[in-house]
Amino acid sequence: MTTGLRDDAKALNGDLVALRRELHQIPEIGLQLPRTQERVLAALDGLPLEVSTGTSVTSVTAVLRGGAPGPVVLLRGDMDGLPVAEGTGLEYASRHPEAMHACGHDLHVAGLVGAARLLCARRESLTGDVVFMFQPGEEGWDGAGHMIAEGVLDAAGRPVDAAYGVHVTSSVYPRGRFTSRPGPLMAASAGVFVRVVGAGGHGARPQDARDPIVVACEMVTALQTMVTRRFDVFDPVVLTVGSFHAGTRRNVIPDDATFEATVRTFSDRTAEKVRGEILRVCEHIAAAHGLEVDARFEGEYPSTVNDAGEHDFVVATVRDVFGEERFETMPNPMSGSEDFSRVLQRVPGAFVFLGACVTDDPASAAPNHSPRAMFDDSVLADSATLLAELALRRLKGGSPS
Ligand SMILES: [Zn+2]
Ligand SMILES: [Zn+2]
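The present account deals with the structure reproduced in this document. (Residues numbered from 1 in each chain as written. Chains lettered and ligands numbered in written order. Predicted model: local features only at pLDDT ≥ 70, side-chain atom pairs only at ≥ 80, totals over all residues. Heavy atoms only, no water.)

Focus on the nonpolar core
- Residues Leu44, Leu75, Leu119, Val130, Phe132 and Phe134 are the most contacted members of the largest nonpolar core, which totals 60 residues.
- Not counting chain neighbours up to four residues away, the residues in contact with Val130 comprise Ala62, Val63, Leu64, Val73, Leu75, Leu119, Ala391 and Leu395. (Core = buried A, V, L, I, M, F, W, Y, C linked by side-chain atoms within 4.5 Å. Buried < 20%, exposed > 50% of the residue type's maximum accessible area, 1.4 Å probe, protein only. Contact = heavy atoms within 4.5 Å.)

Take a look at the structure:
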């Protein structure tokens, strides 16, 4: 372990907590986070970094040039909040009534700033460069895709060799526990948008109309049957219809019915196959009843896949720096999705979760995205330490097998 790094991180903790709590009060949503960006730029001010900002989005990219040539490591922190009305009652709760850092991205920003400070203090001994990726728009806005399009993976003037990210969790795992797994870690996500077009009429004379509601209902249930009949239970599909709208009054058959679903998959093969299956079910059920349908399938994020060697490197680093018991292998992937997947599609790397539960009962704590989700910022020093340590070791040639 690098001498003093963990102690230096502990000394920074007060600053990181203050930054995190400041950010927590000013959550911003999507790709345009001007106030957050301003805080990040201020926090990096004075450090020996080459800082640039996004053109189409409010990203911040900072490059640290090491004292000697070597590989390029990317460390990533996402910065956006969610359209959730905060219900924690914390003294530093969101001042915005309709936005909240309910996924802990405020801790990701502070943790990455901490890593930048730790590594800048060791600049001369770095054999290679570090790219710090402060990313907006993770929560469904494809901020990572925008930053990749604007060149973050070549920010150091040559391609990134390895990439790492940490995500905090408010529940499930205890505070301070790092968790991950090799291979598929998180799901791919996609959206399904269906409009069933019939012909409205009187509820008493359905034979004179073409009722879109019963046909749309049949699609909703048939899609669940499709999941169980067309896919391997060991390469699963999750499909949830989260929105369904039709009609105005009980005795009026409407012209159309619409519904939307989210779809989660864990392999490229299944992600590809599910699209055709969904569209076929919807189109053929509509045809069976003589109605029209406009069904669209839109891929969102690919699945987040950890490189096996990089995952093992992260595990070894966690155990070496913090102790054996601090890492736990997840038995299954998570069905949430994450746009760090876009980075991991192009660069070997790993994504790791860090338990930040505020109570000693993570099983009953409010999960990420809940209005009551709370994150213990005492983990910030460890988050910053791990990111910095991964970069230091990877640049020194502690490459994965
Ligand atoms: Zn989230
Ligand atoms: Zn998140």
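Now that the structure has been shown, the text picks up again.
What to know about the coordination of the zinc ion (ligand 2)
- Around the zinc ion (ligand 2), the protein contributes the donor atoms Cys103 (SG), His105 (NE2) and His167 (NE2), which lie 2.1 to 2.4 Å from the metal centre.
- Sequence spacing of the donor residues for the zinc ion (ligand 2), all on one chain, is C-x1-H-x61-H.
- Taken as a pair, the zinc ion (ligand 2) and the zinc ion (ligand 1) lie 3.0 Å from each other and share Cys103 as a ligand. (Donors = N, O, S within 2.8 Å, 3.2 Å for Na, K, Ca; no water.)

Examining the packing of aromatic side chains
- Inspection of every chain in the model, using the stated rule, returns five aromatic pairs.
- Seen from their ring centres, Tyr164 and Phe313 are 6.0 Å apart, and the 50° between their planes marks the pair as tilted. Of this pair, Tyr164 sits in strand 5 (residues 162-169) while Phe313 sits in helix 7 (residues 308-322), and the two are 149 residues apart along the sequence.
- For the ring pair Phe340 and Phe351, a centre distance of 5.3 Å and an interplane angle of 35° mean the geometry is tilted. Placement of the pair is Phe340 in helix 8 (residues 340-346) and Phe351 in strand 16 (residues 349-355), with a sequence separation of 11 residues.
- Joined through ring pairs, the aromatic side chains of Phe340, Phe351 and Phe353 make up one cluster.
- The lysine or arginine in question, Lys273, covers the ring of Phe231, its NZ or CZ lying 4.7 Å from the ring centre. (Phe/Tyr/Trp six-rings, centres within 6.5 Å; stacked < 30°, edge-to-face > 60°. Helix = DSSP H or I, 4+ residues; strand = E, 2+ residues; numbered from the N terminus. Lys NZ or Arg CZ within 6 Å of the ring centre and 35° of its normal.)

So, the pattern of salt bridges
- On inspection of all chains with the given rule, the structure shows 27 salt bridges.
- One salt bridge connects Glu277 with Arg230, and the closest N-O pair in it is separated by 3.1 Å. Of this pair, Glu277 sits in helix 6 (residues 268-288) while Arg230 sits in helix 5 (residues 212-230), and the two are 47 residues apart along the sequence.
- Given a relative accessible area of 7%, Glu277 falls into the buried group.
- In this structure, Arg394 and Glu310 form a salt bridge, with 2.9 Å as the shortest nitrogen-oxygen distance. Of the two residues, Arg394 is situated in helix 9 (residues 380-395) and Glu310 in helix 7; the sequence distance between them amounts to 84 residues.
- Its relative accessible area of 1% is what places Glu310 among the buried residues.
- Sharing partners across several salt bridges, the network here consists of Arg20, Arg21, Asp106 and Asp377. (Salt bridge = Lys/Arg side-chain N within 4 Å of Asp/Glu carboxyl O.)

A short note on the coordination of the zinc ion (ligand 1)
- Taken together, Cys103 (SG), Glu139 (OE) and His369 (NE2) make up the protein donors of the zinc ion (ligand 1), found 2.0 to 2.3 Å from the metal.
- When the donors of the zinc ion (ligand 1) are listed by position in the chain, the intervening gaps give C-x35-E-x229-H.
- The class of His369 is partly exposed, set by a relative accessible area of 38%.

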